[in-house]
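# Chain and residue survey
One-letter residues, chain by chain:
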Amino acid sequence: MNEVLKAIADRNSCRDFSPQPLSDAHIAELVKAALAAPSAMNLQPWHIIVLTDKQLIEELDNEIMEYIKHDEEWHKRFMDRGGTVFYDSPCIIFIAQDGSDAAPLDCGIVSQNIALAAHSMGLGSVICGMARYSLVGEKGDDFMRRLKFPQGYTFGMSVCVGKTQTDKVPHDLDMNKVTYIR
């Protein structure tokens, strides 16, 4: 199996990060991987925001947990996983989008590039759409300002990255999700 296919097969979503910060070299490589993502007509409708400020990460996490309190099932799910949406990740990469038609899909591609790059460097990651809930409540505009979202950009996706504390097996492939038309 070639290296890319092996990385795709072996990567999993980490929900148990070490508090150890990422090196500047790791962050630089993750940013390069993000920026290398293809996009529709090469418009690159994104802006990458690298967050390593532990206090701001905790504030965002707390805001999300507060936001999802009204949904008992979601709240219980995250409480059972330690009461955190970001799983104590030392780095969250936000992908802001410009609102163009292709931006949501293109931001998804960026997030996958980051996740695969992290895995190739021996790091864990989890693609985290739940981060959007920190940006919609009363404090949403303030958080977007503090995260330096460019004017007119909104949340596209985020990826939590860090060293893993435990190994995890990737999910099984469900071949029932495939239809062949020949």
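Keep in mind the model is a prediction, meaning the values are calculated, not measured. (Residues numbered from 1 in each chain as written. Predicted model: local features only at pLDDT ≥ 70, side-chain atom pairs only at ≥ 80, totals over all residues. Heavy atoms only, no water.)

A separate point is the overall build of the protein chain. Summing up its helical and strand segments, the protein chain has 6 helices and 4 strands in all. Counted from the first residue to the last, the protein chain has its helices and strands arranged as α-α-β-α-α-β-α-β-α-β. Relative to a compact globule of 182 residues, whose C-alpha radius of gyration would be 16 Å, the protein chain shows 17 Å and is just as compact. Along the three orthogonal principal directions, the C-alpha set of the protein chain runs to about 50 × 40 × 40 Å. Buried positions account for 42% of the 182 residues belonging to the protein chain. Expressed as a percentage of contacts within the protein chain between residues at least 6 apart in sequence, the contacts between residues at least 24 apart total 80%. Of the roughly 10,900 Å² that the protein chain leaves accessible, carbon and sulfur atoms contribute 51%. (Helix = DSSP H or I, 4+ residues; strand = E, 2+ residues; numbered from the N terminus. Rg over C-alpha atoms; globule rule 2.2 N^0.38 Å. Buried < 20%, exposed > 50% of the residue type's maximum accessible area, 1.4 Å probe, protein only. Contact = heavy atoms within 4.5 Å. Areas by Shrake-Rupley, 256 points an atom, 1.4 Å probe, with all protein chains shown as cover.)

This part takes up unusual backbone geometry. Although it is not a glycine, Asp-88 adopts a positive phi angle of roughly 60°. Mapped onto the elements of the fold, Asp-88 is located in the loop between α4 (72-80) and β2 (91-97). Unusually for a residue other than glycine, Lys-148 sits at a positive phi of about 60°.

To continue, consider the nonpolar core. Among the nonpolar cores identified, the biggest contains 28 residues, and Leu-60, Val-85, Phe-86, Phe-94, Leu-147 and Phe-149 are the most heavily contacted of them. When residues of this core are traced back to their parent elements, those giving at least two are β1 (46-51), α3 (54-67), β2, α6 (140-146) and β4 (154-162). (Core = buried A, V, L, I, M, F, W, Y, C linked by side-chain atoms within 4.5 Å.)

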